[in-house]
Structures are given as structure tokens and as C-alpha cells.
Amino acid sequence: LMIRRPPRSTLDRSSAASDVYKRQQYRYLDLRRDPVRANLELRHRLAQQIRNYLSDASFLEVETPVLIKSTPEGARDFVVPSRMNPGQWYALPQSPQTFKQLLMVSGFDRYFQIVKCFRDEDLRADRQPEFTQIDCEMSFVEREDILQTFEGLAKHLFSAVKGVEFEAFPRMTYADAMRLYGCDKPDIRFDMQFVELKSPESAVDLISGKDFVVFDSVDSVVGICAKGAGSYTRKQLDGLTDFVKRPQIGAKGLVWCRIEADGSAKSSVDKFYDAEALSAWKEAFGAEPGDLILLLAGELHKTRKQLNELRLLMGSELGLRDPFNYKPLWVLDFPLLEHDEESGRWHAMHHPFTSPLPQDIELMHSDPGAVRADAYDLVINGVEVGGGSIRIFDRPLQSRMFDLLGFSKEEAQAQFGFLMNAFEYGAPPHGGLAFGFDRLCSLFGGSESIRDYIAFPKNNSGRDVMIDAPSAIDAKQLKELGF
């Protein structure tokens, strides 16, 4: 009797999934292993250094409530029924945002907290339903003060925990990040910046008029130059094409151009583009013998996002993404708002308390999509480690923001009246930032998964398989809660 074995890859995946499940189910035994203990020791050292640095900088650690009010902005809330107030609900905080702003109104000029936050959203390697933030706020500051303070914190952590020293972190606007990398958290450990051969945002067009319908029928053709990848075989190139055509990426195909040893160019579209045309591509990319140009075509913003995924894949395949080669970057000047086509409404890209740049305030009603936020993210190795903004601190501007987001006066008062009322008593200019502590730990440890740095993590379904939670509750408890 012959028994067919599943393919090796299927066995490997099944075995790996089973191993992860067993480790989480018997986490109290898994925690005995030296590598797991080392991860939690790293987390401890980071927390210790954070508290020391911020305390020395005159920040005061203040605890904020865990049972709060649900608000419609941001991710989905976890909600908790109130037994003593039938039919009413608490929410678990997605962040202490409004409370730390109220602390600024109260005269606490520098606040921080290493705090648990909760979001009921789909999970992945760098997300958990409950996670930890290093939450900070400062009064009487401008953006530069905050960037300097928390760049200082990041430098201190790298120096004290990893022995790595940095000069000033580079800075990039959101617009440049999207144009050059196709994402707002670019991985700058390697170059491979985008080059546009055809774009509605510029007059350049080195593509059209050659009877290649794929390029002629779209508004954008954007590419990258992978240094030293000219040796890729046809099988490898077909693999890249299959990668970009995956549903989660969504490109319709891939065009490649290899620069030969003699400097000539050979492409997958030689039928349409002659040596002179390909030479123009080569010059636009600054390509050299042995390099590989990869092109995607389509609507500009979608194409940039697709090319970002291809760029990251090429960076990995070429060994350019060493987890311990740290490359920090500030990304600045995000859009204040993003438009939801389905609802026809504007939504805050960060949250509704983010201040617009002063020079863009007049655009809030005439051209909302052009308004830039006084916001900033700290990105390290393609991971958003922290983000924040200067806050709105006066009632009229906050009211204008709520109007833009489609809140009626009654809705704004019901949801955020406590904050608006506090502004009536005078609020200082203030702003802040929150680091994702779990992400920071995994970054320092060289891992992509934050679960490795949490003592008792949840799985991809948000379950704690060790204690079997979430679980049903008995009828008596439900009755007490009014169900």
C-alpha cells in the first residue's frame, strides 16, 4: 500500500503552524527557553532606559483610565458592558489621546506613560489586539522641539542597549516618500528609488508612441533599477511577474530590461522598443552593465504601491535588508485628511485632533485634500516605530475640523464635548508622539514578529490559546449585564 506524502512545503507550513500553536498553548514552558527569556530581558532594559531618559527630561509618568468612552474615529473599539448602567458601554482605549491633551490643559507640561492600548482589528505579525505604547505629550512646543526630544530618546536607546551611535536622522516629506518609494514608511537601507518614465505629475514621457498598448493606455509607467540583478534567469523573472500579479498586489504584469556587459539593453518588449529607446531608459535610471530595470504600469498611486512591494522583495532577494543595519527616518507633512469614496466623507489620516500646518489652514474648506498636517512619523527599516503631531488647541479650529469630518454640532458635543469645554479654560500649544513599544522591542531584537517580545501573546485570531480566551460566560453573568 502506497501512501502519498503531501508536498514538502505543505508539510513545512503545517509543522511550523503546529509548533507555534504548541508554544503558545504551553507558553509557561516556552518561557523557560533562553532565547525567549532574552527577548523579555531586552524588553525590560528598553523600558528601564525609556523611564530614565524621560524622567531626566522632566517628564511625569501619569496613568490614564482604561475604561473610557467609545468614539467613532480610528480603528474598531473593544467595548465593555456596564452592569451598573444597563444598556451603556465602556470602550477600552485605542490610545490615551484626549486624556493626555487634558493633562496639558491642566498644567502638566510633560507627560509620559508606558501604556496598554486596544484595537479590535485584523491581526498580523506586528499587531496584537492589546499592545503597548510609549505615550508622550509636551506643552509650549513646536514640531522641531518634539522631533529633537524623541530623536534624542531613540539615539539614547540605540546607544545604551545596542551600542549603536547616530548622527542626525534624515527627514523626508510624505509627498517625496510616496513619489520615491510608494509608501509612507520607506525602507532606506537600500536605494532603488522610483524613476517615472511616464507620469501625469510631470512632463516626462519616454514610453508612449511605440504601439505598445499596455504603456500607451495608462497614465503612468514607473520602475526601479536593481543593481547587480541583471543575471536573473528567465525563471526568476517569471517569478517576479507572478509575484506582482498576486491578488494582494494587483499588477497586470511586469516589463524588464537587462543591461548587458557591453552596455547594450535587452528587454521583454524588444518588439516595440529599439536600442535608442532602451538607451533612454538606461540613462533615466542611471543603469550600468549587470543591472536590471523593472517597470510597472497603471494608475499612478496604485502603481507606486505595487512597485513598493516589488522593491521590498528585490531588497530581500539581494540581501539588502539586514535587520541589524538600522536606518531611521522622519517622515513629515502628511495629508491632514483622506477621502472615503464609499461614504463620500473626509476622514482624519491620524486623528481629529491633529493640527493642520498653519500655512494650510485657509485651504480647509476650499481644498481639504491639499491640507497638510503638522504630523510626523519615525520610521526605522521600513517600520513605523512612532508617530505624532502638533495638536489643535483652540475651540474654533477644532470645530472647523469636526465640520470637515461630517460631525453635526450635536454629535461633536456628545462625543468630544469634554475636550471642547476644557479648551474654554485655556489650552497651551501642545503636541506629542507615541512609540509602539512592542515594535521597538522586535526591531532591537531583529525580529519581524512582536509576539516574540510579549510574555503572553495572542494568536492571529486574537485568541490566547493557553487560557482559552475569549470564551463564553455563564447565564448568570449575562443576566446581570442585562442580556
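Residues numbered from 1 in each chain as written. Predicted model: local features only at pLDDT ≥ 70, side-chain atom pairs only at ≥ 80, totals over all residues. Heavy atoms only, no water.

Student: Please set out the layout of surface pockets residue by residue, giving values where relevant.
Tutor: Roughly 610 Å³ of volume is contained in the second largest pocket. Considering the residues around the second largest pocket, the lining is formed by 23 residues, among which Tyr174, Met178, His301, Lys305 and Pro335 are closest to the centre. Mapped onto the lining of the second largest pocket, the elements with two or more residues apiece are helix H6 (174-181) and helix H10 (300-317). For the lining of the second largest pocket, the leading source of residues is H10, giving five residues. Looking at the lining of the second largest pocket residue by residue, the class counts come to nine nonpolar, five polar and nine charged. (1 Å grid on protein atoms, 1.4 Å probe; cavity = no way out; pocket = protein on both sides within 12 Å on 5 of 7 lines; lining within 4 Å. Points joined across faces, edges and corners; volume = space filled by probe spheres on them. Helix = DSSP H or I, 4+ residues; strand = E, 2+ residues; numbered from the N terminus. Nonpolar A, V, L, I, M, F, W, Y, C, P; charged D, E, K, R; others polar.)

Student: Explain the pairing of strand E13 (residues 337-340) to me, and be specific about the residues and the numbers.
Tutor: Both E13 and strand E14 (residues 345-348) contribute to a ladder of four bridges, which runs antiparallel. What sits directly across from Glu338, in E14, is His347. Linking two consecutive strands that pair antiparallel, namely E13 and E14, is a turn of four residues; a positive phi of about 70° is found at Gly344 within it. (Pairing = 2+ DSSP bridges.)

Student: Describe in detail the packing of helix H4 (residues 97-105) against helix H13 (residues 409-423), supporting the description with residues and values.
Tutor: At a minimum axis separation of 10 Å, H4 and H13 run at an interaxial angle of 15°. On the basis of their axis angle, the class for H4 and H13 is roughly parallel. Taken as a pair, H4 and H13 cross one another with a handedness that is left-handed. Contact residues: H4 offers Thr98, Gln101, Leu102 and Val105, while H13 offers Phe418, Leu419, Ala422 and Phe423. (Axes fitted to C-alpha atoms, helices over the stretch in contact; angles between N-to-C directions. Parallel < 35°, antiparallel > 145°, perpendicular 65-115°, else oblique. Left-handed = near helix turned anticlockwise from the far one by under 90°. Contact = heavy atoms within 4.5 Å.)

Student: Account for the nonpolar core, naming residues and giving values.
Tutor: Grouped together as the largest cluster of nonpolar side chains are 38 residues, with contacts concentrated most on Leu54 and Phe150. Residues contacting Leu54, with those up to four places away along its chain left out, are Phe59, Phe112, Ile134, Cys136, Phe150 and Leu153. Met172, Leu337, Ala373 and Phe423 belong to the second-largest nonpolar core, a separate cluster that totals 32 residues. (Core = buried A, V, L, I, M, F, W, Y, C linked by side-chain atoms within 4.5 Å. Buried < 20%, exposed > 50% of the residue type's maximum accessible area, 1.4 Å probe, protein only.)

Student: Any chance you could break down the state of the cysteines for me, citing the residues and the numbers?
Tutor: Going through the model one piece at a time under the given rule, you end up with zero disulfides. The thiol sulfur of Cys117 is not disulfide-bonded, and the nearest other cysteine sulfur, from Cys136, lies at 12 Å. (Disulfide = S-S within 2.5 Å.)

Student: Give a description of the sheet that holds strand E9 (residues 255-259) that names residues and reports values.
Tutor: Taking strand neighbours across the sheet as the criterion, the five strands line up as E7-E8-E11-E9-E10 in an open arrangement whose pairing is antiparallel. Each having just a single partner strand, strand E7 (195-198) and strand E10 (265-267) make up the two edges of the open sheet. In this sheet, adjacent strand axes meet at a mean angle of 25° when their direction is disregarded. Relative to E10, E9 is paired through three bridges, and the arrangement is antiparallel.

Student: Summarise the side chain of Gln97; cite the residues concerned and give the values.
Tutor: Mapping Gln97 onto the fold places it in helix H4. When its relative accessible area of 9% is taken as the criterion, Gln97 is described as buried. A distance of 3.3 Å separates the side chain of Gln97 from the side chain of His351, its partner in a polar contact. Leaving out residues up to four positions away in the same chain, Gln97 has contacts with His351, Phe353 and Arg391. (Polar contact = N/O pair within 3.5 Å; in protein donor to acceptor, adjacent residues only side chain to side chain.)

Student: Explain the sheet that holds strand E6 (residues 171-173) to me, and be specific about the residues and the numbers.
Tutor: Strand order in the open sheet made by the eight strands is E1-E4-E5-E17-E16-E15-E12-E6, with mixed pairing throughout. Where the open sheet ends on each side, the last strands, each with one partner, are strand E1 (60-61) and E6. Examined bridge by bridge, E6 and strand E12 (residues 328-332) share three bridges and lie parallel to one another. Among the inter-strand pairings, Met172 is bridged to a residue of E12, identified as Val331.

Student: Outline the packing of aromatic side chains, listing residues and values.
Tutor: A full pass over the atoms with the stated rule returns 21 aromatic pairs. Ring centres 6.3 Å apart and planes at 65° place the aromatic pair Phe150 and Phe435 in the edge-to-face group. With Phe150 in helix H5 (residues 143-162) and Phe435 in strand E17 (residues 430-436), the pair connects residues that are 285 residues apart, well separated along the chain. When its relative accessible area of 0% is taken as the criterion, Phe150 is described as buried. Their ring planes at 50° and their centres at 6.1 Å tell us that Phe215 and Tyr273 sit as a pair that is tilted. Of the two residues, Phe215 is situated in helix H7 (residues 213-216) and Tyr273 in the loop between E10 and helix H9 (275-285); the sequence distance between them amounts to 58 residues. Clustering of aromatic rings is evident, with ring pairs tying together Phe158, Phe166, Phe169, Phe324, Tyr326 and Phe444. Across from the ring centre of Phe169, 5.8 Å away, lies the NZ or CZ of Lys155, which sits over that ring. A cation over an aromatic ring shows up here: Arg311 above the ring of Phe190, its NZ or CZ 3.9 Å from the ring centre. (Phe/Tyr/Trp six-rings, centres within 6.5 Å; stacked < 30°, edge-to-face > 60°. Lys NZ or Arg CZ within 6 Å of the ring centre and 35° of its normal.)

Student: So what about helix H14 (residues 437-445)? Which residues, and what values?
Tutor: For H14, a buried count of seven out of nine residues is recorded, marking the element as mostly surrounded by other parts of the structure. Listing the buried residues of H14 in full gives Phe437, Asp438, Leu440, Cys441, Ser442, Leu443 and Phe444. Downstream of H14 by one or two residues, Gly446 has phi in the positive range, about 75°.

Student: Go over a nonpolar patch on the surface, please, and point to the residues and values.
Tutor: Among the surface-exposed residues, Val79, Trp89, Ile473, Leu478 and Phe483 lie close enough to one another that they form a single nonpolar patch of about 490 Å² accessible area. For Leu478, the location among the structural elements is in helix H15 (residues 475-480). (Patch = residues over 30% accessible without salt bridge, like charges linked within 9 Å, V, L, I, M, F, W, Y side chains within 5 Å. Areas by Shrake-Rupley, 256 points an atom, 1.4 Å probe, with all protein chains shown as cover. Salt bridge = Lys/Arg side-chain N within 4 Å of Asp/Glu carboxyl O.)

Student: An account of the pairing of E9 is needed here, citing residue identities and associated values.
Tutor: A large share of E9 lies buried, amounting to five of its five residues. Side-chain alternation along E9 places Val255, Cys257 and Ile259 on one buried face and Trp256 and Arg258 on a second face that is also buried. Connecting E9 to the antiparallel partner E10 that follows it, the hairpin turn spans five residues, and Gly263 within it adopts a positive phi of roughly 90°.

Student: Explain unusual backbone geometry to me, and be specific about the residues and the numbers.
Tutor: Of note, the amide linkage connecting Ala469 to Pro470 takes the cis form, showing an omega dihedral of 5°. At Asn381, a residue that is not glycine, the phi angle is positive and equals roughly 55°. Not every positive phi belongs to a glycine, and Asp468 is a case in point at roughly 60°. Looking at the element boundaries, Asp468 is found in the loop between H14 and H15. Given a relative accessible area of 46%, Asp468 falls into the partly exposed group.

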